[in-house]
Amino acid sequence: PITRDQKISYRLYLVTDSSMLPVGHSFVEQVEEALKGGVTIVQLREKNLETGEFIKRASALKKLCEQYNVPLIINDRIDVALAADADGVHVGQDDMPIDLARKLLGPKKILGWSVSKVEEIEKISTEFKGCLDYVGIGPCFPTNTKKNMKKKPMGARGVSKILTALEDYNLPEIRTVAIGGLHPDNLERVILQSSSLNGKRKVDGISVVSEIMASISPFKATENLLPYVSNFSSRNYEFATGVSATFDFNTFHEDLQSIFTNVSATTPLVQHMTNKVHQNFGANVTLAIGGSPIMSEIESEANELASIPNSSLLINTGSVAPLETLIATISAYNSHKRPIVFDPVGYSATSTRIYLNNQCLSRGQYACIKGNAGEMLSLAGFASNMKGVDSGDVSKISLNELIGATKKVAFLFRTVAVCTGKTDIIADGVGEGLPSPSELNFSQETVPVYLVENEDLPIWGCITASGCSLGSVITTLLGSNDKNSNRPIISLVLAAVTLYKEAGLLASKDCKGSASFNVGLIDNLYQLVKHNEPKVWETQVKRQ
Ligand SMILES: Cc1nc(C(=O)O)sc1CCOP(=O)(O)O
Ligand SMILES: C=C1C=NC(C(F)(F)F)=NC1=N
Ligand SMILES: [Mg+2]
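Residues numbered from 1 in each chain as written. Chains lettered and ligands numbered in written order. Predicted model: local features only at pLDDT ≥ 70, side-chain atom pairs only at ≥ 80, totals over all residues. Heavy atoms only, no water.

Enquirer: An account of the sheet that holds strand E6 (residues 134-137) is requested, with residue identities and associated values reported.
Expert: Read once around its circumference, the closed barrel built from 8 strands follows the order E1-E2-E3-E4-E5-E6-E7-E8, with strand pairing classed as parallel. Averaged over neighbouring strand pairs, the angle between their axes works out to 25° when direction is ignored. Bridge count between E6 and strand E7 (residues 175-179): 4 bridges; the pairing is parallel. Residue pairing in the sheet places Val135 in a bridge with Thr176 of E7. Helix-sheet contacts for helix H6 (residues 155-168) involve strand E5 (110-115), E6 and E7, and the interaxial angle to E6 is about 155°. (Pairing = 2+ DSSP bridges. Helix = DSSP H or I, 4+ residues; strand = E, 2+ residues; numbered from the N terminus. Axes fitted to C-alpha atoms, helices over the stretch in contact; angles between N-to-C directions. Contact = heavy atoms within 4.5 Å.)

Enquirer: I'd love a proper account of helix H19 (residues 489-509), names of residues and values included.
Expert: Every α-helix carries 3.6 residues per turn, so stepping three or four residues along brings you back to the same face. Between its terminal C-alpha atoms H19 stretches 31 Å, which fits the 30 Å expected from 21 residues at 1.5 Å a residue. With respect to burial, H19 is a largely interior element, 19 of its 21 residues being buried. (Expected span 1.5 Å × (residues − 1). Buried < 20%, exposed > 50% of the residue type's maximum accessible area, 1.4 Å probe, protein only.)

Enquirer: How would you explain the site of ligand 2 if you had to name every residue and give the values?
Expert: Close to ligand 2 lie Tyr13, Gln43, Arg45, Asn75, His90, Ser114, Tyr134, Gly136, Lys146, Val177, Ile179 and Ser207, which account for all nearby residues. Between ligand 2 and the protein, one listed contact pairs a nitrogen atom with a side-chain N or O atom of Gln43 at 3.0 Å. Asn75 places a polar side-chain atom, nitrogen or oxygen, 3.1 Å from a nitrogen atom of ligand 2. For ligand 2, whose unbound accessible area comes to 300 Å², protein coverage reaches 94%. Elements with a minimum of two residues in the shell around ligand 2: E6 and E7. Split by residue class, the shell around ligand 2 holds 4 nonpolar, 6 polar and 2 charged. (Near = heavy atom within 4 Å. Polar contact = N/O pair within 3.5 Å; in protein donor to acceptor, adjacent residues only side chain to side chain. Areas by Shrake-Rupley, 256 points an atom, 1.4 Å probe, with all protein chains shown as cover. Nonpolar A, V, L, I, M, F, W, Y, C, P; charged D, E, K, R; others polar.)

Enquirer: If you had to explain the side chain of Gln444 to someone new, which residues and values would you point to?
Expert: If you trace the backbone, Gln444 turns up in the loop between strand E15 (423-428) and strand E16 (449-453). When its relative accessible area of 14% is taken as the criterion, Gln444 is described as buried. With residues up to four places along the chain from it excluded, the contact list for Gln444 reads Leu197, Gly404, Lys407, Lys408 and Phe411.

Enquirer: I'd like a rundown of the site of ligand 1, residues and numbers included.
Expert: What surrounds ligand 1 is a group of 14 residues, the closest being Pro139, Thr143, Thr145, Gly181 and Ser210. Separating an oxygen atom of ligand 1 from a side-chain N or O atom of Thr145 is a distance of 2.6 Å. One of the backbone nitrogen or oxygen atoms of Val209 is found 2.9 Å away from an oxygen atom of ligand 1. Protein coverage of the free-state accessible area of ligand 1, which is 420 Å², stands at 96%. Across the shell around ligand 1, the residue classes break down as 5 nonpolar, 6 polar and 3 charged.

Structural data, given as structure tokens:
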């Protein structure tokens, strides 16, 4: 028997379901194919099976799992687990209390619990101390497999919250698996983004039901999942950005000229899904710096556009595109490994916007997330205890608090987070500027931060879409990047912020009011890129 004191691998955790088998497939064969394919632990989960049948099925799986030295866990039914001498039990929140389950199971069996709230983690460290071996964290994404699902999908951000709680309650001995709607198209994002804020903890495994149990070739479906669960500690988002490069800040300023040369050389195709006010100005800003804008909100052309070389996508949720269109377009660019910039306009202003933005945030990997102070604080979850944030009055917020929020957003979403303001804060959430992960314990605290500061220019606030159009500049520069140039994302975002701030500074010097500032901004963007002499620019990036 496999006991709880042995080292159990939770990497690829199959939870069975006999109600979704393809026609002609037998239950035991489906599970055996998955064992051959490499699942590392199996849970027999039957919600409508008579006890006699359940014990028979449990005994059959027990024999099978033993051949592969894989632990067999029974869902919910401790009596069945004991009758079949299974290796453990998984109980849900509405099932038997954990301390009682442990008492009935004895000291050797494996015991798991479904969790979704921090309060549940607190219980593990108090009334259930020493009882549990692992937790199933979910649901990550929507799933039809679990009927009458009462819990809302939590996304990778929700998994990270539970991982952080396990650290906060000092529970290093508890293992974790993420579960719920996990499939090859979202696994890399969940694994990359799920992490305790102190960087010490990732998930120990992922759990699937339909990906394998509904597959016509469960062996292949299982094999296909193995690469995703082979390395939980990678910090690399090449899967969504197409590049993987380290950043050396010391050579950044001298590299600026070649960054802009490359924009002109590649004429990036910059798809904007943005609000009506920003559309025209964003298109002109994109053209001024050498990009080719396309303001398309047509779902059916997303794949074609994403497959064009040097494409990139700007999602500004002030846009009117339906959520399905946004999600489909985001998925298209992610699967073509072309960069996406996300601008969560008015993030916490209304519950509709919070829902829309959270859907976009949990359903895509972004190369960059850009927002103003209010949006960044809300994204970081600081807004709840920050007075005035929602009304946009962030004057009382200190630069350090803003830096903290930007680092947290960068780390949570594994992206380059940009918080715009008098001082633009840029946080490198994947640590492209740091030594390899093995040398450095990457955490929210060690996220590299860069600051771009000029004198205060209130005129920026007098024109529409000034923040939104920084998004156009960032997306254009990211579009110029590809396997050939292979630049780190952070270098292009810093270049975009520097260019944009420099253009605004020059435009503010020779403008007579907001209209000429607006026009001057485009003229200066045009001139700065055309002459491409960053060495003489006043605007500089500082490493914090
Ligand atoms: C059994 C189960 N528990 C969940 C939880 O959130 O606790 S979600 C779930 C079903 C997951 O099935 P699929 O991989 O097909 O989405
Ligand atoms: C509801 C569940 C949640 N998590 C898990 C597991 F993946 F095993 F942790 N199994 C379940 N049945
Ligand atoms: Mg904005």
